[in-house]
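For reference, the chains in residue letters:
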Amino acid sequence: MSRVLLGAAYAPFLLLCLLGGAAWSQTVSLAERQEDAARIVPVALGAEAVIGDVGDRARARLLGPAEERHGGIAVWGTVRGQPLVNFDSAGFDGRLLGGAFGIEGMASSSVLVGARIGYDDTNLTTALDGLPGHLDSRSFSIIPYAAWKPGETWVFDAHIGFKRTEFDFFNGGVGAEVNSDRFIAGLGASALYGFAGLQVIPRFSGLIAVDSAVSFTDSAGIDVPTNRLTYFEASGGAEIGYPVQLGAMRLTPWVAGHIVGVLDDVGGASLVGDTVFGRFGAGLRLGAGPLDIVLEGRASGFGPRDFNDYQGMLRIAYSFQ
């Protein structure tokens, strides 16, 4: 890999480290961190879903087999479910359900542009400060994205967009409904290498999500000021697949592993689990002419702490000639 491409691939990591180092300088109470830890979950998982969809579509349209690269308009949809278990250190567990619809087209032979519209529903059972409660959120997002392929091996993707979230929480007899505006942005780089019949796909990415909860008055009559939370994530790893041609269909089973690092500006992420952890998955991609189907299962956590999340995902795309 050239020095230019190597630098571009690691640029998100450098940016996130610089921003994250300043973010960790703030000091807040343990109770505030527990509340922010609960709020971080839908923020983090929602941002991860966006960068996962964008990276996969960029790779499919620009790095896939020549016979599966179509130059017309494509539409795609994703559904996913994530049980969130064993959050004992932060005092909660729950689940996330989400879906997205996208439309995209080739601006040129090497540039892809598109837009993603998504919806997430998160339900958490909490025990913050030892008191029973819940935190639910419903999010709607609009995310434009683009990808660029400068050569034969690497493709770079980027997205920036807006998410509107409604939080409903109850803890220790006190509850409220809160709205928040969330800014999301991310960068990614993927490549495709062939080796002994295998497809090796390294992937590097970085993202930032800024969630600003508007001021509100809770059920106890306490005024809570506007609160902003900033979340950073960087990851690097690879996917290894073995494509098999079955008549007109191309079937590719694959496995993947990534190292993930997370930071936030209130210290909540360290209560959710490890700030550096592993993410592992396996799946199946089926390509049949203009149709592309991806089925994925994944698990995250696997560090010395007790945070784990699991995800099942189905994505279907169709390209019009």
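Residues numbered from 1 in each chain as written. Predicted model: local features only at pLDDT ≥ 70, side-chain atom pairs only at ≥ 80, totals over all residues. Heavy atoms only, no water.

### What about the side chain of Asp211?
- In this structure, Asp211 sits in strand 8 (residues 198-213).
- Within polar-contact distance, the side chain of Asp211 engages the side chain of Ser180 at 2.9 Å.
- Of the polar contacts made by the side chain of Asp211, one reaches the side chain of Arg182; its length is 2.9 Å. (Helix = DSSP H or I, 4+ residues; strand = E, 2+ residues; numbered from the N terminus. Polar contact = N/O pair within 3.5 Å; in protein donor to acceptor, adjacent residues only side chain to side chain.)

### Observations concerning empty space enclosed by the protein
- The full count for this structure, using the stated rule, is three cavities of 30 Å³ or more.
- By volume, the largest cavity amounts to about 570 Å³.
- Along the wall of the largest cavity there are 30 residues; nearest its centre are Gly52, Arg203, His258, Glu296 and Arg298.
- Those elements that provide at least two residues to the lining of the largest cavity are helix 2 (30-62), strand 8, strand 11 (227-241), strand 13 (249-264), strand 14 (276-288), strand 15 (291-301) and strand 16 (308-319).
- For the lining of the largest cavity, the leading source of residues is helix 2, giving eight residues.
- Considering only residue class, the lining of the largest cavity consists of nine nonpolar, eight polar and 13 charged. (1 Å grid on protein atoms, 1.4 Å probe; cavity = no way out; pocket = protein on both sides within 12 Å on 5 of 7 lines; lining within 4 Å. Points joined across faces, edges and corners; volume = space filled by probe spheres on them. Nonpolar A, V, L, I, M, F, W, Y, C, P; charged D, E, K, R; others polar.)

### Overview of the confidence of the model for the chain
- With 71% of its residues at a pLDDT of 70 or more, the chain has an overall mean of 78.
- pLDDT under 50 marks residues 1-33. Its contacts with residues more than four places away, or in other chains, come to 46 contacts. (pLDDT = per-residue confidence, 0-100. Contact = heavy atoms within 4.5 Å.)

### So, the side chain of Asp56
- Structurally, the position occupied by Asp56 is in helix 2.
- Here Arg315 takes part through its side chain, which lies 3.0 Å from a polar atom of the side chain of Asp56.
- Those residues in contact with Asp56 that sit more than four places away from it in its chain are Arg285, Val294 and Arg315.

### Focus on unusual backbone geometry
- Here Ala196, not a glycine, exhibits a phi torsion of approximately 50°, which is positive.
- The topology assignment puts Ala196 in the loop between strand 7 (193-195) and strand 8.

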